[in-house]
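Residue-level listing of the chains:
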Amino acid sequence: MSGRPDAYTIVSHDAHDAKHYGAVHLPVYDSSLFTFRTVADMEREGNEPEGFVYSRGNNPTVRSLERALAELEGGEDARCFATGMGAISAAVLSSIRSGDHIVCVDQAYGPARRLIGEYLRRYDIEADFADGSDLAAIESALRPNTKLLYLESPTSLFFELQDLRACTAMARARGIRTVVDNTWASPVFQRPLELGADLVVHSLTKYASGHSDAMGGVVVGRAEAIRELSGSELVLLGSVMPPQTASLIHRGLRTLPLRMERHQAGAMAVAAYLESLPFVGRVRYPGLPSHPQHELARAQMSGFGGLLSFEAGRDREKLARFVDALTYFRIGFSWGGYESLASLQEGCAGMPRRKTHAVRLHVGLESPDVLIEDLAQAFRAAGFDERERDKDE
Ligand SMILES: *Cc1c(COP(=O)(O)O)cnc(C)c1O
């Protein structure tokens, strides 16, 4: 065997540490502080970057999860946060100073867009938003004082991709840092650091946790960048992950590759079924050959997640009736857990952008046959007719 271990091996194997009595899964170090026999011992530990002194800085249970996540993403180090937004705000704040300019993908996660485009204006930081699927649009949004290119590929409602290799190369040539939100694909299917990104962020609340029972976020990157952010945004803003949560998310991580393959298989089946229906318009899923960026998706990802969306006519009430009639898909906004979810959302899609609403589905771990049958009965209940075409397409 050669090269780096695969995701299955990484999540199944932790480096053993004699301190933990051979425990297979690291115990939860539910301790806010660590004590010492002597002042000298305390000073020595406190001067070590990996020293355990106080849990807002370092905690063994959290560090163990951070090491696993860094290895999965192919990064040198990682730091966990209380939520995905905790990680995103730390990554953004550590990359800019007052007077800088940010370019952000216009379909990025809503609260990330608000942080970048609204909140940071208070601190004299300007931002422009560009269609991420158009490299020229990103390039023309760059200014001499642009210091950060914020990407999310694919985006999580209309699943538009950015060419990560091209974007990161363009940014690097101008001394601009790139941050990529990799939540949709997970590190199992996409590793943006290997495509040139400086920092990767995740909402661990989604696939990494996988059980809809915990919230968390992570920033992964080179050791130097992570050290900088640890000493400032992590300990000063204090949005740290509690040890109990770290243990829970680490347990979820053990089955991440298995679950991703199952989500992918289910989503492929559901997407193909939706595409076969005459009254369904565009089905947005990067794994479908009909996705306008399918070739790019195959070039920079090794698989596809469980989240997709589709349009079916302009009648919002009819679509709402469809969502209400679902039984296995529960109505909710998050995703990445074992359970299938549906929501009706609005946004601007396509080139040029037009306002539209779409049903977003998270395909959980249930049998795809059962889920497809559920979709079929809900379409019938809402009055969709197999003989009707989607007139908008
Ligand atoms: C949910 C989500 C976030 C934010 O994560 P939280 O854990 O809810 O703070 C960021 N990016 C994407 C793509 C998400 O889906």
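Nothing here was measured: the structure is a model prediction, and the numbers come from that model.

1. Here we look at the overall build of the chain
- Helices and strands together make up the secondary structure of the chain, namely 14 helices and twelve strands.
- The C-alpha atoms of the chain give 22 Å as radius of gyration, which agrees with the globular expectation for 393 residues (21 Å, within 12%).
- Within the chain, the fraction of its 393 residues that count as buried is 54%.
- In the structure as shown, the chain presents an accessible area of about 17700 Å², 52% of it carried by carbon and sulfur atoms.
- Charged side chains of the chain number 43 positive and 52 negative; the gap between the two group centres comes to 1 Å.

2. Details of the pairing of strand 2 (residues 101–105)
- Summarising burial for strand 2: five of the five residues are buried, a large majority.
- Across five bridges, strand 2 lies against strand 3 (residues 126–130) in parallel orientation. Looking at strand 3, one finds that Ile102 is bridged to Ala127.
- In this view, the connection linking strand 2 to its parallel neighbour strand 3 by way of helix 5 (residues 110–117) has right-handed handedness.
- Pairing of strand 2 with strand 4 (residues 146–152), which is carried by four bridges, proceeds in the parallel orientation. Bridging across to strand 4, Ile102 finds its partner in Leu148.

3. Brief notes about the UniProt feature "modified residue: N6-(pyridoxal phosphate)lysine" (unreviewed entry) in the chain
- Feature annotation in UniProt assigns "modified residue: N6-(pyridoxal phosphate)lysine" (unreviewed entry) to the following positions: Lys206.
- Here Lys206 is to be found in the loop between strand 6 (199–203) and strand 7 (217–221).
- Owing to a relative accessible area of 11%, Lys206 belongs among the buried residues under this scheme.
- Beyond its immediate stretch of four places on either side in the chain, Lys206 contacts Thr183, Ser334, Trp335 and Gly336.

4. Re the packing of helix 13 (residues 316–325) against helix 14 (residues 368–382)
- In the contact formed by helix 13 and helix 14, the axes pass within 8 Å of each other and the chain directions differ by 135°. Judged by the inter-axis angle, helix 13 sits oblique to helix 14. In this structure, helix 13 crosses over helix 14, and the sense of that crossing is right-handed. Contacts from Lys318, Arg321, Phe322 and Ala325 in helix 13 reach Asp374, Leu375, Gln377, Ala378, Phe379, Ala381 and Ala382 in helix 14.

5. Brief notes about the side chain of Ser186
- Structurally, Ser186 is set in helix 8 (residues 186–189).
- Of the residues examined, Ser186 reaches a relative accessible area of 2% and is grouped as buried.
- Setting aside residues no more than four positions away along its own chain, Ser186 makes contact with His202, Tyr207, Leu256 and Met260.

6. Looking at the site of the ligand
- In the region of the ligand, 14 residues are neighbours, and Gly84, Met85, Asp181, Thr205 and Lys206 sit closest.
- Here an oxygen atom of the ligand sits 2.8 Å away from a polar atom, N or O, in the main chain of Gly84.
- With respect to the ligand, the backbone of Met85 contributes an N or O atom lying 2.8 Å from an oxygen atom.
- Within the complex, 93% of the 380 Å² of free accessible area of the ligand lies under protein.
- A majority-of-atoms criterion places the ligand in the largest pocket.
- Taken together, the residues of the shell around the ligand break down into five nonpolar, six polar and three charged.

The rules we used
- Residues numbered from 1 in each chain as written.
- Predicted model: local features only at pLDDT ≥ 70, side-chain atom pairs only at ≥ 80, totals over all residues.
- Heavy atoms only, no water.
- Helix = DSSP H or I, 4+ residues; strand = E, 2+ residues; numbered from the N terminus.
- Rg over C-alpha atoms; globule rule 2.2 N^0.38 Å.
- Buried < 20%, exposed > 50% of the residue type's maximum accessible area, 1.4 Å probe, protein only.
- Areas by Shrake-Rupley, 256 points an atom, 1.4 Å probe, with all protein chains shown as cover.
- Lys, Arg positive; Asp, Glu negative; His and termini not counted.
- Charge placed at Lys NZ, Arg CZ, Asp CG, Glu CD.
- Pairing = 2+ DSSP bridges.
- Right-handed = clockwise from strand over helix to strand, strands pointing away.
- UniProt positions renumbered as here; feature names shortened; annotations may be inferred.
- Contact = heavy atoms within 4.5 Å.
- Axes fitted to C-alpha atoms, helices over the stretch in contact; angles between N-to-C directions.
- Parallel < 35°, antiparallel > 145°, perpendicular 65-115°, else oblique.
- Left-handed = near helix turned anticlockwise from the far one by under 90°.
- Near = heavy atom within 4 Å.
- Polar contact = N/O pair within 3.5 Å; in protein donor to acceptor, adjacent residues only side chain to side chain.
- 1 Å grid on protein atoms, 1.4 Å probe; cavity = no way out; pocket = protein on both sides within 12 Å on 5 of 7 lines; lining within 4 Å.
- Sits in = over half its atoms within 2 Å of the grid points.
- Nonpolar A, V, L, I, M, F, W, Y, C, P; charged D, E, K, R; others polar.

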